[in-house]
Amino acid sequence: GRTGRPDSRGLEISRLIGRALRMVVDLKLLGERTVWLDCDVLQADGGTRTAAISGAYVALHDALTAANLKEWPLQSSIAAVSVGVVNGRCVLDLDYKEDSNAGVDLNVVMTGEAQFVEIQGTAEAAPFDDSELQAMLRLARLGVAEITTAQQLALEEE
């Protein structure tokens, strides 16, 4: 059962989301405010932490819009994707089955301008080299660009 307190995995994901979002917020412009975002990933087949970051950015944008601040504190957007090596090939947005069979598992957090914020990677089966890492980062950049477009469209619809 749930105790109402986050478990260690939940706490780690919460910290990851906080670090990612702080990268694109001008804290001076935010002022003496605290923003609480409650992230529940309702449906995902793997990649829950990356989904949470990408969704939390939209929620943060909504919260800041509603706050009607004098100056806009968001400097960029933020999104995240999972990417990995499965059966020798690079795969974007790993589902649960791919993730559990991945030789390499990488979570990549980037700004809307394609700058890296955080990269978490683990070789599950065998070490990986520079060329595999570069291939995964190129694929991650494409995935983040797609998510950034979806975020912008969602925010425009509101």
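One structure accompanies this document, and this report is about it.

**Points about the overall build of the chain**
Scanning the chain from terminus to terminus reveals five helices and four strands. Ordering the α and β elements of the chain from the N terminus gives α-α-α-β-β-α-β-β-α. The globule rule puts the C-alpha radius of gyration for 158 residues at 15 Å, and the 16 Å found for the chain is close to it. The principal-axis extents of the C-alpha atoms in the chain amount to approximately 50 × 40 × 30 Å. Looking at the chain residue by residue over its 158 residues, the buried ones come to 35%. Contacts spanning at least 24 positions in sequence make up 63% of the contacts within the chain whose residues lie at least 6 apart. Carbon and sulfur atoms make up 49% of the accessible area of the chain, which totals about 10000 Å². Across the chain, the mean location of the 14 positive side-chain charges is 6 Å away from that of the 24 negative side-chain charges.

**Notes on the nonpolar core**
Judged by nonpolar contacts, the single largest core of 21 residues is most densely connected at Ile-17, Leu-21, Ile-53, Tyr-57, Leu-74 and Ile-78. Only helix H1 (8-22), helix H3 (48-67) and strand S1 (78-86) provide two or more residues apiece to this core. Counting residues per element, this core draws most heavily on H3, at seven residues. Dropping the residues within four chain positions of it, Ile-53 is found in contact with Leu-16, Ile-17, Ala-20, Ile-78, Ala-79, Ala-80 and Val-109. Listed in part, the 12 residues of the second largest apolar core include Val-83, Val-85, Leu-106 and Met-136.

**Structural notes on the packing of H1 against H3**
For the pair H1 and H3, the least separation of the axes is 10 Å and the interaxial angle reads 45°. Taken together, the axes of H1 and H3 are oblique relative to one another. Classified by chirality, the crossing of H3 by H1 is right-handed. Note on element contacts: H3 touches H1 through Thr-48, Arg-49, Ala-52, Ile-53, Ala-56, Tyr-57 and Leu-60, opposite Arg-9, Glu-12, Ile-13, Leu-16, Ile-17, Ala-20 and Leu-21. Taken together, the residues of the contact of H1 with H3 sort by class into 10 nonpolar, one polar and three charged.

Basis of the calculations
- Residues numbered from 1 in each chain as written.
- Predicted model: local features only at pLDDT ≥ 70, side-chain atom pairs only at ≥ 80, totals over all residues.
- Heavy atoms only, no water.
- Helix = DSSP H or I, 4+ residues; strand = E, 2+ residues; numbered from the N terminus.
- Rg over C-alpha atoms; globule rule 2.2 N^0.38 Å.
- Buried < 20%, exposed > 50% of the residue type's maximum accessible area, 1.4 Å probe, protein only.
- Contact = heavy atoms within 4.5 Å.
- Areas by Shrake-Rupley, 256 points an atom, 1.4 Å probe, with all protein chains shown as cover.
- Lys, Arg positive; Asp, Glu negative; His and termini not counted.
- Charge placed at Lys NZ, Arg CZ, Asp CG, Glu CD.
- Core = buried A, V, L, I, M, F, W, Y, C linked by side-chain atoms within 4.5 Å.
- Axes fitted to C-alpha atoms, helices over the stretch in contact; angles between N-to-C directions.
- Parallel < 35°, antiparallel > 145°, perpendicular 65-115°, else oblique.
- Left-handed = near helix turned anticlockwise from the far one by under 90°.
- Nonpolar A, V, L, I, M, F, W, Y, C, P; charged D, E, K, R; others polar.

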